[in-house]
Each structure stands twice: as structure tokens, then as C-alpha cells.
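Descriptive analysis of the structure
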Amino acid sequence: MSIRVMALFLLAGSMSAQTPPSSAPSAPTRILGFRNAAPQLKLDQDFLQVPDAVLAGQELKTLTAAPHVAGSKEDYATAVYVAEKFRQAGLQTKIVPYRVLMNLPKKIQVSAYGADGKKIMSGPTPEHVSDDPYQDDKRIVTPFHAYSPSGDVTAEVVYANYGRPQDFAQLAAQHISVRGKIVIARYGKNFRGVKAYLAQQNGAVGIIIYSDPADDGYFRGDKYPEGPYRPASGVQRGSILYLFKFPGDPTTPGFASTTNLAAGKRLSQKDSPSLPAIPSTPLSYQDAAPILKALGGPESPRKWQGALPFTYHMGPGPVTVHLLLKQDYALRTIWDVIGKIPGTKYPDSWVVVGNHRDAWVFGAVDPNSGTASMLEAVHGIGALLKQGWKPQRTLIFSSWDAEEEGLIGSTEWAEQHAAQLEKAVAYFNIDVGVAGPKFDSSAVPSLKPFVVDITKLVPSPMGGTVYDKWLRDQQQAAAKRHAQHPETPAALLVDGIHMDDLGSGSDYTPFIQHLGVPSTDIGSNGAYGVYHSAFDNYAWFTKFADPTFVYLQQQARVLGLEGITMADADLLPYDYALYGDAVVSYLHAASDKALAAKMPGLDFAPALAAAQRFRDAGARALLAEKNPAGDLRQQNEVLRRAEEDLLSNTGLPDRPWFKHTIYAPGEYTGYAAVVIPGVNEAIDAKDPSLAAKQLLVLTKALNRSAATLSGMP
Ligand SMILES: [Zn+2]
């Protein structure tokens, strides 16, 4: 323990390691969707008393005691631990196994040779810093990319910056071909699978993805162990599964990889569209530096320059790299943990709360800060159960496995329960629960006001509510970046808060984008430079993220309140008026883009009219939600069906698994959401006839949903 951490502990100890639940000064007196808010607000207060910072810290320490990559026996031990906590709280609990195709590294070797043929680098160098209590654990998995094929290739190297479409276009513009070459690209700006996908499409024979100190290393601040940023040897492991095609087991798109699935039902590996075709592996900047330094060819554009101490060139060569990757592919068993509290009034209507449990290494931030928060939320709900409370809707807590490989545990479970999930009213995700003190959330627009309302009920460790702190953080950030970023239109702010749309990169994807279950994601961010490395461990967490675990406590409170509030609402608190405003703004932006792309023949008027109808019907429904009365059961069905109406049976062109017409992960952005994806991707592909067809699909979906909402009894 360092002097700095000791000081923080002493300071916190002299005040109180916990944030008292009553420090929320301006708690709302009414909640959307409740006939009578007073008993619910009392229940909320009872709940808020229970989640405990000290216990959350202990749970985090237990969960992160050993590396627990998906499918390992240490991973199974964490499943047993979580299941036991669920049972203690009174949840009906099962450990649910799936059999899924996954690789582990058998041999990973990267060697580089200079112009004279002399070896200039041989890696990967083991992750190591001057002082870390966890780094020498023999069970730490060698840095690798999940779903990289095996490969043995030698080729000249080309530097491709972040490996985005515009980066490959820039190379082409300078007549630098990556065909037959090994691409080296830096992490950041998009999903690593997109970098591999573009390298493959452009004819590269392999790709190395490294962490540049400009992006999460010394250029940002002190590196670990002195500071929170990535040290020279730190590597970002990760999956390159083409999850923008579909997530989950690459051999079972659309159906579950149950343990008794007949072998003949699986796609063969070579037929799976989500499996990459070229070998790919991650490197630290310590190992990448000699390769980049030895690159010839033209100077890179100045924006491509990272923070290593030499001028970056683009290549190709004269440096060559030998990639030797031996991957061990096998069907492996993974374990979700599912805990259920049956609803009294609407047992078929599910509220699902979820977090993944598997980690690349120790996973203190990603994902077990989320797991500890979820366990303390469950602890609080257990206390409510003991005092006799029962939810109106069925509340399900889920601890997903193999999220890191490609949202596998959540996707397989969602596919298995697709029919029941058609009636699920919400999915609440937490992944990176706490990396620092800055609360943030993304959500489907209908649930953005719900999340904001919940944060007004939860105290911040900094005083006031989570909402107060969130708003202050956003105002400060906005002031800083004022010049570059356009303001969010006022109509899309929720009480001054901007919330992002859901892209991909965590377990909400199968729920919202495949099944149309309204979803949210919460996190609390900070300077986090050790993502997916051996240094994302308990020592790092207690030094840099949350020494007294009060943010774990905060996140437990927010997540738990999401669950119990949604489970008990008389009318589902969805804001379809805000949703409509969002779709109108997406359509205006797409229409501007179509004009700029010289596709003036596209007629946006019918889609805009449908979006307006959807918006207006949503505004009328919102009035009913403010004063619940009449046949609530029927009204709830209408409110839920309105989201389902936004799915299209056929899905996106070439990506039929993605059925939502408003949100999908971008084929070329990966993590970031592409809104009205059918339309926008057709415009990006300069395909006016496809864009016209997709506008029609969207118009129909919006009209369906508007008609449903107009039928609100
Ligand atoms: Zn994660």
C-alpha cells in the first residue's frame, strides 16, 4: 500500500467510508409511471440503506483474487461465489452452462527484422513493472486476440494509424498498398475487430494492434505504478470477433449453444461470417516501438504521430515482421449465473439486470467493479425480500460469462429465451462499473429520463446527488471542448444531461439490438490506462479508482433502484416523445448526409412524417404515464409493443441478426452506435436504391409503433 492510498484511507476513515443514503437533498416526490409514489419512495430509502462500501470492497477482492478468463476453473469458482451470494439474498439461482467455440493462445511469437535482416525485436515481453503484487501470477494468460486464426506469416509492415476507413483511404491516396503486408495499427477510436476487418478487406496478411502512449500511456499522465496510465509493457488483450456481424458463439448465430446442442447444428468455422480470416495479435508499446522506429517510406501525416520519441513513417518496410500464432480452438464450457425473484402481478414480464463476470486477467475494473456493485444491489434487494416485499414483475439478475470473447454468455442466454424476452420490459447493464468518479450512462431514448430520475435519488460521495455531480461533470467537459463539438439539441437533453445511444461492446447488445428489449448501461469513469492488462487488478483499483469503495456503493444503489423501480411501476416509464425527437434528428442528419453525398433523389418526407407521428403518439402516451389510471395491464402491453414494433423481421442488409431499425453497432465503427443503421450505411455505401428500400423499412416500423401507441386505451 502506498503512502498516497494510506492518506486517502485515513481521510475517508475520519469522515465515514460510506455515503449516507439521506444525503440526497432534493429527492423527487413523484416518479413517472407510479400511481402513488410515496410507498415507492419509502421502499427506495429502505433499499438505499443496505448496499455497503466495505462489503463491496471485500467482494471485489474475492472476485479478483485470481485471473479468471472465461472457461477456466477460476472462472467457475467466481460463478459459484456469485451464485452463493444470490442464494443468500433469496434469489432462485441456477448456474447455466453453455458450450461455445473459443480459442486460447498456445504459442504467440512476434519477431521483427531490420533492413539488414538483423532481428530487432522478439516478443511479446511479459507484462512487468517495478512494483505490483499480482503481476507474477503464473495463470495470467499470454496477451492474444480472441478469434484470431492461427498463422505463420512474414511480411513487410505498413503503419495504418487507428485502422479506420479514413486511415486506409489515406494510405491508398498515397499509393501505399497493404496487400500482402502486415498492418500495424494503434488501439483507440474504434473496435479492434473493425481494424482487423478492414486490414483483411484491404488484403493484408496479418495485423498487430498496439497501445500507443499517446492514447492511454505516459502522454496522458503518470504510468502505473506511479499513476493510472499504461506502463511500457502493458498489453490490451481483446476479442476481434466480427461482432458487428453477430455476437455470441460464432458457430451458432440466432440460436443457443446449449450443452446438448447436436453437433450438426453448428456452422463450420470457415462458414462463420463473424470469424476473422487473418492472424492478429496485440503488443505493448515497448514491443511495438522498434518496429515503428524502423519503418521507412513517407513520413506519416502529423495526426498519425503517436507519443513514441521518433517520427512515425508509413512504410512499407524495410522492417519485416514474422507473426507466429498458434491458437487452441475448442468447444469450451462457460457459466452464466441466473437469479430470479418471481413477480406477483406480471410474472411473465421480466426485468433483467446484468453484468459480465469473466475477465481477461484479474478484471478489477472490467468487469468486477460491476459485479461487486451488482452483488451489493442484490444484497439490498435481499433485505427488501426479508421485510416481505415482492416485485410486481419478475426481477432477474444475471452474471454473464465470456463477454470478453464476444458477448457470448448474454447472447446465448438471450437467444435461448428469445420468446420470453419479447415481454421483458427492461435490461439494465453494468460492465466497467467503476474506473473513477465520473458517472455516465447510455440508453435507448425511451429510458433516458428514467435513468436521470434514478440518479436524483442516489447520493454522490461528493455531496448532493449522482445527478448533480453528473450535470456538473458534463458542464465542465462541455466548457472544455466547446470549440470542436456541436451542442446536443436542447430537445434531446434530459434535465440538462446528454446521454449517448447504445452502440455495442457490452451485454446489452442482444437485448436491444436483436430482441428489442429497452436497455440502459451505467458506469463511473476515470483515468483508466490499464484496460485488459494484468494491471487491471485490486492493487490498481484501490490506488486509483475507488480506495474506499464508495463508488461501488453508489453504483449498487443506482443499479438496484433501476431494477426495483421498473419491477414495481404501475405503468412502464418509457418516454416515446423523446425517442421520436431523437429519430427526427437522426433523419435530418441522414438527409443532410445524402445531399452532401450527391444522392438528392432520396425522399425522406414519408419517414419524417412517420417519425413525427411516432413522436406525437409518444407524447400522448406520456400524459397517461404521468397519471396512471384505467386498464394498466393493457396499457403496459401497448407501451412494450411499441419498442418491439421498431424491429424488422429481416434485419439489416447482410446482418440479419441485427433486427433493430434505429440502433446497431456500426460495421466500420464497432463500439459506436450507428443510428437508423439501414439508411445510414446505405448512404455511406453510396447505394441510393438500398437507401430508399431501408427508408421504407424504417417508415413502416415507425408507423407500426405510432399506430400501437395511438391505440393506448
Ligand atoms: Zn467488460
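Now for a look at the structure at hand. All values derive from a computational prediction rather than experimental measurement.

Scanning the chain from terminus to terminus reveals 22 helices and 16 strands. Here the chain holds 713 residues, and the buried ones make up 62% of them. For the chain, restricting intrachain contacts to residue pairs at least 6 apart in sequence, the fraction spanning at least 24 positions comes to 81%. For the chain, the exposed surface amounts to about 25,500 Å²; the carbon and sulfur share of it is 55%. Measuring between centres, the 67 positive side-chain charges of the chain sit 2 Å from its 70 negative side-chain charges.

This part is about the coordination of the zinc ion. Around the zinc ion, the donor atoms from the protein are His356 (NE2), Asp366 (OD), Asp431 (OD) and Asp431 (OD), and they sit 1.9 to 2.6 Å away. Because the angles between the four donor atoms bound to the zinc ion fall within 52 to 139°, the donor set is best described as irregular. All donors of the zinc ion belong to a single chain; written as a sequence motif, their spacing is H-x9-D-x64-D. Of this pair, His356 sits in strand 10 (residues 346-356) while Asp431 is found in the loop between strand 12 (426-430) and strand 13 (438-443), placing the two residues 75 residues apart along the sequence. Owing to a relative accessible area of 9%, Asp431 belongs among the buried residues under this scheme.

On to empty space enclosed by the protein. Counted according to the given criterion, the structure contains five cavities of 30 Å³ or more. Roughly 70 Å³ of internal volume is contained in the largest cavity. Lining the largest cavity are 13 residues, with Leu652, Thr661, Gly678, Gln694 and Val697 positioned closest to its centre. Sorting the residues of the lining of the largest cavity by element identifies helix 21 (677-684) and helix 22 (688-710) as the ones contributing at least two each.

On to the pattern of salt bridges, then. Overall, the coordinates contain 25 salt bridges when judged by the stated rule. Put simply, Arg266 and Asp249 hold a salt bridge, and the shortest N to O gap is 2.8 Å. Residue Arg266 is located in the loop between strand 7 (238-239) and strand 8 (280-283), and its partner Asp249 is located in the loop between strand 7 and strand 8; the two are separated by 17 residues in the primary sequence. By the burial criterion, Arg266 is buried, and Asp249 matches it. Of the charged contacts in the structure, one is a salt bridge between Asp501 and Lys448, with a shortest N-O distance of 3.0 Å. Note that Asp501 is positioned in the loop between helix 14 (466-481) and helix 15 (509-514) and Lys448 in helix 13 (residues 448-455), a separation of 53 residues in sequence. A single network of salt bridges, built from pairs that share partners, joins Lys73, Glu74, Asp137 and Arg139.

Glancing now at the environment of Leu325. Within the secondary structure, Leu325 is located in strand 9 (residues 320-341). A C-alpha to C-alpha distance of 6.3 Å links Leu325 and Gln109, two positions 216 residues apart in sequence.

What follows concerns the pairing of strand 6 (residues 206-210). By the criterion of burial, strand 6 is predominantly enclosed, with five of the five residues buried. Side chains Gly206, Ile208 and Tyr210 of strand 6 all project onto a buried face; the interleaved residues Ile207 and Ile209 project onto the opposite face, where all are buried too. Inspection of the sheet shows strand 5 (residues 182-186) paired to strand 6 by five bridges, in the parallel sense. The residue bridging Ala185 from the neighbouring strand is Ile209, located in strand 6. On the question of chirality, the crossover connecting strand 5 to the parallel strand 6 by way of helix 6 (residues 192-201) is right-handed. Sheet topology note: the strand 6/strand 8 ladder contains four bridges and is parallel. Note on strand 8: the bridge partner recorded for Ile209 is Pro282.

Definitions and cut-offs
Starting from 1, residues in each chain are numbered consecutively following that chain's sequence as written. Predicted model: local features are reported for residues with pLDDT of at least 70 only, side-chain atom pairs are reported and counted for 80 or more only, and whole-chain, interface and lining totals are derived from all residues. Here the side-chain values reflect all heavy atoms present in the structure, with hydrogen atoms and water set aside. For the purposes of this entry, the term helix denotes a DSSP run of H or I that reaches at least four residues, the term strand denotes a run of E that reaches at least two, and both are numbered from the N terminus. Burial classes follow relative accessibility: with a 1.4 Å probe on protein chains only, a residue under 20% of its type's maximum area counts as buried, one over 50% as exposed, and anything between as partly exposed. Note on contacts: a residue pair qualifies if any of its non-hydrogen atoms lie within 4.5 Å across the two residues. Note on areas: Shrake-Rupley with a 1.4 Å probe; residue coverage comes only from the protein chains shown. Charge assignment in this entry is limited to Lys and Arg as positive and Asp and Glu as negative, and neither His nor the chain termini are counted. Working definition for charges: the position is that of NZ of Lys, CZ of Arg, CG of Asp or CD of Glu. Metal sites are built from N, O and S donor atoms within 2.8 Å, or 3.2 Å for Na, K and Ca, and they leave out water, so they may look incomplete. Square planar and octahedral sites, with four and six donors, are those where opposite donors lie more than 155 degrees apart and all other angles lie between 65 and 115, tetrahedral sites have four donors with every angle between 85 and 135 degrees, and the rest are irregular. Of the grid points, spaced at 1 Å and generated over the protein atoms alone, those admitting a 1.4 Å probe that cannot get out make up cavities, while open sets with protein on both sides within 12 Å along at least five of seven lines make up pockets; any residue with an atom within 4 Å of a point is treated as lining. Grid points are joined across faces, edges and corners, and a volume is the space filled by probe spheres set on the points. Put simply, a salt bridge is a Lys or Arg side-chain nitrogen that is within 4 Å of an Asp or Glu carboxyl oxygen. Only strands that DSSP links by at least two bridges are regarded as paired with each other. The definition of a right-handed crossover adopted here requires that, viewed with the strands pointing away, the path from the first strand over the helix to the second runs clockwise.

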